[in-house]
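Listed below are the residues making up each chain.
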Amino acid sequence: MQLTRFTDLGLRIVMQLADTAVRAADGEEGSHPRTTTSSVSEAINASQTHVAKVVSRLADMGVIQSSRGRTGGILLAPGALDFSLGDLIKELEGDEDIIDRLSSSTFTMKPTCPLTKALVEAQDAFFDVLNTHTIRDIIHTDRVTAGTESEDPSESQGSSATD
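Predicted, not measured: the structure shown is a model, and the values here were computed from it. (Residues numbered from 1 in each chain as written. Predicted model: local features only at pLDDT ≥ 70, side-chain atom pairs only at ≥ 80, totals over all residues. Heavy atoms only, no water.)

Caption draft 1: A look at unusual backbone geometry. With phi around 55 degrees, N45 is a residue other than glycine that occupies positive phi space. Assignment of secondary structure puts N45 in the loop between α2 (37-43) and α3 (48-61). The class of N45 is exposed, set by a relative accessible area of 68%. (Helix = DSSP H or I, 4+ residues; strand = E, 2+ residues; numbered from the N terminus. Buried < 20%, exposed > 50% of the residue type's maximum accessible area, 1.4 Å probe, protein only.)

Caption draft 2: Focus on the packing of helix α1 (residues 5-25) against α3. Where α1 contacts α3, the axes come no closer than 9 Å and their chain directions differ by 75 degrees. Our classification of the angle between α1 and α3 gives roughly perpendicular. Contacts from F6, L9, G10, I13 and V14 in α1 reach H50, V51, K53, V54, V55, R57 and L58 in α3. In terms of residue class, the contact of α1 with α3 is made up of 8 nonpolar, 2 polar and 2 charged. (Axes fitted to C-alpha atoms, helices over the stretch in contact; angles between N-to-C directions. Parallel < 35°, antiparallel > 145°, perpendicular 65-115°, else oblique. Contact = heavy atoms within 4.5 Å. Nonpolar A, V, L, I, M, F, W, Y, C, P; charged D, E, K, R; others polar.)

Structure follows, in structure tokens:
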């Protein structure tokens, strides 16, 4: 299953905000759980306009909190670290099934078609696996456990919280 750019940005925004929240909770100097859309867009190397659209959707979903004004900004909502990845991705992707995306005016897959059944099973399995993971699971372990369990740096070469 191919995720949309919108969902990719949503996941990267959530990971960035989770990392920011954990740094603030650890008492890291100069860190605060609240940040700005422009700071996040710069950190994940994405358009501020696109990030603002995704932030608005994440706020509607209750994953993040946002407020306007001089003391405003965005931050991870309480309990968001325990939000299921499958549910997060489903909400960001929308209600459209993979079958709906494959069907077009020139070709329609019937519900009784064996390929349709196989694709629906695969999509269900995809989300079932993602539902066993939470936002907490996709951010750096050493940050979440406040230094009690550190990752081997050689294992994380080439990947980061914003990949």
